[in-house]
Structure formats: C-alpha cells, structure tokens
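# Structure at a glance
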Amino acid sequence: MLFPRHSIDEIASGAFLLAGWLTIDEQRQLVDRCRALQSAEAGMYRPTVRGGGKMRLDMLCLGRHWNALTYRYEDTRADFDGRPAPPLPDDWRALAARAAAAVGFAIDADVCIVNYYGDDGRLGLHQDKDERPETLAAGIPVVSVSLGDTARFQLGGLKRRDPIETLGLESGDVFVFGGPARLRYHGVARILPGTAPASLALSGRFNLTFRQY
Ligand code: MD6
Ligand code: FE
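For the structure given in this document, a descriptive report is provided here. (Residues numbered from 1 in each chain as written. Chains lettered and ligands numbered in written order. Predicted model: local features only at pLDDT ≥ 70, side-chain atom pairs only at ≥ 80, totals over all residues. Heavy atoms only, no water.)

Negative phi is the rule for most residues except glycine; trans is the rule for most peptide bonds. Despite not being glycine, Tyr 71 has its phi angle at roughly 60°, a positive value. With respect to the helices and strands, Tyr 71 occurs in the loop between strand 4 (65–67) and strand 5 (72–74). Residue classification places Tyr 71 among the partly exposed residues on the basis of a relative accessible area of 34%. Of note, the phi angle at Ala 201 is positive, near 45°, even though the residue is not glycine. As for its position among the elements, Ala 201 is in the loop between strand 12 (186–192) and strand 13 (205–211). Relative accessible area serves as the criterion here: at 62%, Ala 201 is assigned to the exposed category. (Helix = DSSP H or I, 4+ residues; strand = E, 2+ residues; numbered from the N terminus. Buried < 20%, exposed > 50% of the residue type's maximum accessible area, 1.4 Å probe, protein only.)

What follows is the structure in structure tokens.
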C-alpha cells in the first residue's frame, strides 16, 4: 500500500488544507460510492437557485436536504422531487470527524452535500451560513473532500469585497473550514479538466462537504 505524503497548512486562521490526506485507494472507494449515488433513484440533480438560474454543478444532499431556493435545510427535496434525502453513511461521518480532529476541531456531521463539477463547473463566491446558529457560533467546521480534477478554489474574507486568495484543491485533499474561518466567503472559480489521477478514471470533480446542522 502507498502512503500519501500529506501535509497540513493553516491557510488562514481556522482554515486548514490537508493536502494529499486520502490514499488513492480511499479516493477510489469514495468515487465509486459517489458514482453509485449519482445514478441512484434519489440521485443527483441540477439545482435551480433564487431568480431561476441553474447552478453550474450537480448536487445531492445526504442526511438532510439543502433547499437551493430557500437556503434552508429540510427532510425532503421540496425544490426538486419531494423525495427524502438519502441517509449519510456512518463511515463517511467518521471520515469527517477524523479529518476535523487532525486539526483540533470536532464535528458530529449529520449532513453531506455531494457536488459534481463537469469541465465547465463552477460555484460562485458564498458563505456557508445555513446551519444552526449554535453550530456557526461554535465555529464547528465544514469538512470538504476533493476527488478527481483539481479545482481553483477561492478563499476570501468575512466580507464579500475582501481580497481573495486562490488555491488548488487536488484529488485526495481535505479542507477544514472552522473557528474564525467558518463564515469566510469562498467559491470554485474553475475546474482543471484532465487533472484527476488516471487510476480514478474520473472526468470532472466530486466534492463532499460535511456539516453539522
Ligand atoms: C467545493 N466547497 O469545494 C465547494 N464550503 O467544491 C465549498 O463550498 C465549501 O470547500 C464550505 C467549506 C469548505 C468548502
Ligand atoms: Fe461552501
């Protein structure tokens, strides 16, 4: 078995990049699970946001559904097909807790938002602030797992107009976003097609963000 040479970098206070944190075997297993979820009965969909535009990614929420029209969490997919959100697997919850613990945070994740980005996928600058006020006040992190093609990830400040730093999130990287960083603006400027590890045989990028509602 190959051990990844991971490194941990605190990009900003409370924002940690765990580069190369997942082995290629772990990545492959996660990608296989994502592919299965993609084509399951309550599978991925392209969310419509307020104003009627479509997001530039496919989404699937596990554990609890995030409604792209209301920006609220709910049990069923009211903005799409009314189906219940599929459950969050226990081993995924454990993975999020392990990554958070590696940088001194604790998370009891009950939601995972799975995003799939194709070659022209992107995600505008936003804050993740729809979880419970207690979760946000405590700075309980979001744990983000990147699989497949590299993303140009933008990390801003607490105000939309604050300066933005860009970093590459590669397959197997984990980004933990908590404490004073929890409400920083961030987004995905673009995907770099063809940069996924060959053995994943994946075109595009999956991103898993674990949250404690
Ligand atoms: C993405 N990630 O990497 C989108 N949110 O595709 C996020 O929006 C995100 O990476 C909160 C914390 C970490 C993240
Ligand atoms: Fe986010």
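On the secondary structure map, His 65 appears in strand 4. Beyond its immediate chain neighbours, meaning those up to four positions away, His 65 contacts Tyr 45, Arg 72, Tyr 73, Glu 74, Thr 76, Arg 77, Ala 78, Asp 79 and Ala 85. (Contact = heavy atoms within 4.5 Å.)

Here the focus is the site of ligand 1. Every one of the 13 residues lining ligand 1 counts as a neighbour, but Tyr 117, His 126, Ser 144, His 186 and Arg 205 are closest to it. At a separation of 3.3 Å, an oxygen atom of ligand 1 approaches a polar side-chain atom of Asn 207. Taken by itself ligand 1 offers 340 Å² of open surface, and the protein chains cover 98% of this. Among the detected pockets, ligand 1 sits in the largest pocket. Listing elements by their share of the shell around ligand 1, those giving two or more residues are strand 7 (123–126), strand 8 (142–148), strand 12 and strand 13. The dominant element in the shell around ligand 1, judged by the number of residues it contributes, is strand 13, at three residues. (Near = heavy atom within 4 Å. Polar contact = N/O pair within 3.5 Å; in protein donor to acceptor, adjacent residues only side chain to side chain. Areas by Shrake-Rupley, 256 points an atom, 1.4 Å probe, with all protein chains shown as cover. 1 Å grid on protein atoms, 1.4 Å probe; cavity = no way out; pocket = protein on both sides within 12 Å on 5 of 7 lines; lining within 4 Å. Sits in = over half its atoms within 2 Å of the grid points.)

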